[in-house]
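# Observations on the three-dimensional arrangement
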Amino acid sequence: MSAKVRIHLLLVSILLGLGMENTLIGQCETYLIEAEALVFSRGNLSTSLSRNQIPGIILPCLESENFLEKSQKNRAYEVLIQTYLDLSEYQETDKNLRLAREYLQKLLKKNPRFNVTNPKYGEDWLELYNSLYVYPVNRIGASVGFNWTYVNRIYQYSIDNPTSTPFTESRGSFSVTGFYEKLIKKSIPTLFIGTELGLSNSKYYYQKELETTTSTTGQLANFTSLSFTENQSAISLGVYTKYFLIGKEGFLPYRVATSSSSTLYLLTGVNTQYLISAKFQQLTRNTNETLQNTFNLGILSPQNFSITDQRHKLNYGASVGMGAMISSNRSELAFELRYRTTLRTANKRGAERYANSELIYLYGYLDDDFRIAQLTLSLTYSWLQFNHKLK
């Protein structure tokens, strides 16, 4: 046989194979349409199929991957579930219910938000659905947030003007967090415990009026104010609980499964922080032009000054918050507002408060006792893990 003949035969066999495959795909779609008409019309339409024949026709199409579209596979699972539910009413009840449940589990694995409340399905679907765990058991995700930092002053210290209260103002900063959440108890699908690890930044502006005198003695004489921006970076490890609010129809994202839904949640937690660095940025002694000309004051350029040694390396705190969540098939997107506060002062006390002579004598600065609080607005993305086992 010549090479040209062999090539022609190969092309013919390929074309025949493709034609047969397309024929099988077309037949499977035809069978599926007929099976849907039979099982979901509750027997009111006449077809060439009987319920006993449906598994023998639909299963080979599923196993041979002749249903190319995801929607076709989902429709096939729906047909098999309804078929076994119908058959369970008059023969081999336990076996057919078990098969119906197995195919519902396969359907939920492909589509966790399957809408069982569709009028197309009867009460037996809802009963079968409620026999399974249909909510997520784990969440893995990450968030990015924008922080507003606040200084909670406990006690004020001063070396020159004890009547002057420092002015502080938040400066925007950012945080990045990864987290893992686990369902605490399957009988309470609304309550999760989570752990998180994040990198956060705290930043605030500080200004204090200094006592102005007519004397030119001393490094601080006739300077009117001190200002800087403190910038802290820290690693945070936290544990928290999250509670999802319940609507009239149950646990909104999961008990009434839909392709997309939304709900609110509340959370509370504790955390430990490890300080990486703390520094004063743009540390500046300020004066006015009259005093500058009168006393010929020396000017110090704005400085960046490390104060990590005057801050506690380890701190601990508490947090409360709430979020609004939008759910899709296997993921969630949430906007979360959380308030955090440290329970330990940010500054070190005792002799360490007076350890930095440059800050005291050149800038007139002495640490107050204060705590750091943050309000964080974050965008959170979660990937969900389900476990559709029998209750």
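Now for a quick tour of the structure. Everything numeric here is computed off the predicted structure, so don't read it as measured data.

This part takes up the packing of helix 2 (residues 54-63) against helix 3 (residues 70-87). Closest axis-to-axis distance for the helix 2/helix 3 pair is 10 Å, and the angle between their directions is 155°. One finds that helix 2 runs roughly antiparallel with respect to helix 3. Crossing of helix 2 against helix 3: the hand is left-handed. On helix 3, the residues touching Ile54, Pro55, Ile58, Leu59 and Leu62 of helix 2 are Lys73, Ala76, Tyr77, Val79, Leu80, Thr83 and Tyr84. By residue class, the composition of the contact of helix 2 with helix 3 is 10 nonpolar, one polar and one charged.

Grouped together as the largest cluster of nonpolar side chains are 41 residues, with contacts concentrated most on Ile58, Val79, Ile81, Tyr84, Leu104 and Trp125. Looking at this core, the elements that each hand over two or more residues are helix 1 (3-40), helix 2, helix 3, helix 4 (93-110), helix 5 (123-129) and strand 6 (261-286). The dominant element in this core, judged by the number of residues it contributes, is helix 3, at eight residues. Once residues lying within four places of it in the same chain are set aside, the contact partners of Trp125 are Phe40, Glu78, Ile81, Gln82, Leu85, Leu104, Phe114 and Val116. Counting residues in hydrophobic clusters, the runner-up holds 18 residues, among them Ala278, Ile307, Tyr365 and Phe370.

Rules behind the numbers
Counting of residues starts from 1 at the beginning of each chain's written sequence and follows it residue by residue. In view of the model being predicted, local features appear only for residues whose pLDDT reaches at least 70, and side-chain atom pairs are presented and counted only at 80 or more, with totals across whole chains, interfaces and linings using the full set of residues. Calculation of side-chain values draws on the structure's entire complement of heavy atoms; hydrogens and water are dropped beforehand. Axis angles are defined between N-to-C directions and span 0 to 180 degrees, where every axis is a line fitted to C-alpha atoms and, for a helix, only to the segment in contact. Runs of E in the DSSP output that reach at least two residues are strands. Runs of H or I that reach at least four are helices, and both are numbered from the N terminus. Roughly parallel means an angle under 35 degrees; roughly antiparallel, over 145; roughly perpendicular, 65 to 115; everything else is oblique. Here is the rule for handedness: rotate from the far helix to the near one, and if that takes an anticlockwise turn smaller than a right angle the crossing is left-handed, while a clockwise turn gives right-handed. Throughout, a residue-residue contact means that at least one pair of heavy atoms, one from each residue, lies within 4.5 Å. For this classification, Asp, Glu, Lys and Arg are treated as charged, while Ala, Val, Leu, Ile, Met, Phe, Trp, Tyr, Cys and Pro are nonpolar and the rest, including Gly, are polar. For this analysis, a nonpolar core means a set of buried residues of the types Ala, Val, Leu, Ile, Met, Phe, Trp, Tyr and Cys, connected via side-chain atoms within 4.5 Å. With a 1.4 Å probe rolled over the protein chains alone, any residue whose accessible area is under 20% of its type maximum counts as buried; one over 50% counts as exposed, and the rest are partly exposed.

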